[in-house]
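So you can see what is in the structure, the chains are spelled out below.
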Amino acid sequence: MDIATESFTPGMSALGGALIGLSASLLMLSHGRIAGISGIVGGLLEPGSKDRDWRLAFVLGLVAGGIALFFAYPGAFVVNIERGSLAVVAAGLLVGFGARLGSGCTSGHGVCGISRFSRRSLVATGTFMATGAITTFLYTTLVGGAS
Amino acid sequence: MKHVFAFLVGLIFAVGLGLAGMTQPAKVVGFLNFTGRWDPSLAFVMLGAIGVNLVLFRLVLKRKSPLFEGLFQVPGNNHLDQRLIMGSAIFGVGWGLAGYCPGPAIVSTGGGNGHAVLFTAAMLIGMLLFRSFIAWDAKRGDERMTQRSS
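Cut-offs applied
Residues numbered from 1 in each chain as written. Chains lettered and ligands numbered in written order. Predicted model: local features only at pLDDT ≥ 70, side-chain atom pairs only at ≥ 80, totals over all residues. Helix = DSSP H or I, 4+ residues; strand = E, 2+ residues; numbered from the N terminus. Rg over C-alpha atoms; globule rule 2.2 N^0.38 Å. Buried ≥ 20, exposed ≤ 12 C-beta atoms within 10 Å, placed from the backbone. Contact = placed C-beta atoms within 7 Å. Expected span 1.5 Å × (residues − 1). Arc of directions from axis to C-beta. Nonpolar A, V, L, I, M, F, W, Y, C, P; charged D, E, K, R; others polar. Axes fitted to C-alpha atoms, helices over the stretch in contact; angles between N-to-C directions. Left-handed = near helix turned anticlockwise from the far one by under 90°.

(A) Quick peek at the overall build of chain B. Each helix and strand counted, chain B has 6 helices and 0 strands in total. Against the 2.2 N^0.38 benchmark of 15 Å for 150 residues, chain B shows a C-alpha radius of gyration of 20 Å, more extended than a compact globule. The proportion of buried residues among the 150 residues of chain B is 50%.

Written out as structure tokens, the structure is:
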């Protein structure tokens, strides 16, 4: 297997991951909720939902964190892959629809669910990693521009 | 206080995603690129996050209730169904195509990334389409039930 040693960041990634875990545990402590981003955002779009306030506050925190990173660590937003606008829009539609249909995304299933040894989340994570890998393979083979 | 806490928790989540490399589509695609030059960084994100959660979730769930709510809302469903598999499969295709998942896309919107704004807008539309799909699917189910009973 060919490891991309030049971009491999085990320390920073584990540290960032630990902060993600800390945040998820804090949300469980404060609101008793799973920190699944697609679920939190999806709940904002439900008409008549009564708990919009904390969801909106959380999402605003995400955006504020993005603004803070932009000033303190702009390297966080290096894209380094070539994707046309059409591919980006198609990807957004698939991610939004798929995450809601599958009741979760990388955060809800991949982090929180696996931490609870949820069978559904293990299967979901295995499935989206597999189709993600197949898509990456097909895209780089047919279109090119992996990195 | 409750909402200030939610805001701060979102902020910590965003900083975690940024440091982890999740807001850099090349790193995400590099992780999913098992057959090419593979970047295993994202496995360390998961290890870090799950490691912390394994300890803290357990401590938190020893409490009778959360700080600001009456009870913990932990999913108890253990049933593997078609929606879970199909939804996750569709999600993975989108994730691999652009290298963004929902959290990093929203954070990158705050970081002023044009593609992330486009992606997030499309993602919200995808979620609204899901609502329409659910309504259509429920109606179809009702009609079938009616046909069967008549």
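(B) Spotlight on the overall build of chain A. Assigned secondary structure in chain A consists of 6 helices and 0 strands. Secondary structure elements of chain A occur, N-terminal to C-terminal, as α-α-α-α-α-α. Principal-axis analysis of the C-alpha atoms places the extent of chain A at approximately 45 × 35 × 35 Å. Expressed as a percentage of its 147 residues, the buried residues of chain A come to 54%. Expressed as a percentage of contacts within chain A between residues at least 6 apart in sequence, the contacts between residues at least 24 apart total 47%.

(C) View of unusual backbone geometry. Residues and elements named next belong to chain A. At Ser103, a position not held by glycine, the phi torsion is positive, near 60°. Turning to its location among the elements, Ser103 is positioned in the loop between helix H4 (85–101) and helix H5 (106–115). When the 23 C-beta atoms within 10 Å are taken as the criterion, Ser103 is described as buried. We note that Phe117 has phi near 55°; this positive angle belongs to a residue other than glycine. Here Phe117 lies in the loop between H5 and helix H6 (119–142).

(D) Seen up close, helix H3 (residues 52–72) of chain A. Residue and element names in this part refer to chain A. The terminal C-alpha atoms of H3, which comprises 21 residues, lie 30 Å apart, in line with the 30 Å expected from a rise of 1.5 Å per residue. For H3, the complete set of buried residues consists of Trp54, Arg55, Phe58, Gly61, Leu62, Gly65, Gly66 and Leu69. In an axial view of H3, the angular spread of the buried residues amounts to 140°, which keeps them on one side of the axis. Turned more than 90 degrees away from the buried face of H3 sit Asp53 and Phe71, all of them exposed.

(E) The arrangement of the interface of chain A and chain B in detail. Chain A puts 106 residues into the contact, and the matching count from chain B is 108 residues. Of all the elements in the fold, those that place two or more residues in the side of chain A that touches chain B are helix H1 (10–31), helix H2 (37–44), H3, H4, H5 and H6 of chain A. If one sorts the elements of the side of chain A that touches chain B by residue count, H1(A) sits on top with 21 residues. Of the residues in the side of chain A that touches chain B, the class split is 64 nonpolar, 34 polar and 8 charged.

(F) Local environment of the packing of H5(A) against H6(A). Residues and elements named next belong to chain A. Relative to each other, H5 and H6 sit at 145°, their axes nearing to 8 Å. Crossing geometry of H5 relative to H6 is assigned as left-handed. Of H6, the residues touching H5 (which contributes His109, Gly110, Gly113 and Ile114) are Arg120, Ser121, Leu122, Ala124 and Thr125. Split by residue class, the contact of H5 with H6 holds 3 nonpolar, 5 polar and 1 charged.

(G) Up close: the environment of B:Phe44. When you line up the elements, B:Phe44 lands in helix H3 (residues 41–60). Taking the C-beta count within 10 Å as the criterion, B:Phe44 has 23 such neighbours and is therefore assigned buried. Ignoring anything within four residues of it in the chain, the contact list for B:Phe44 reads A:Pro10, A:Ser13, A:Ala14 and A:Gly17.

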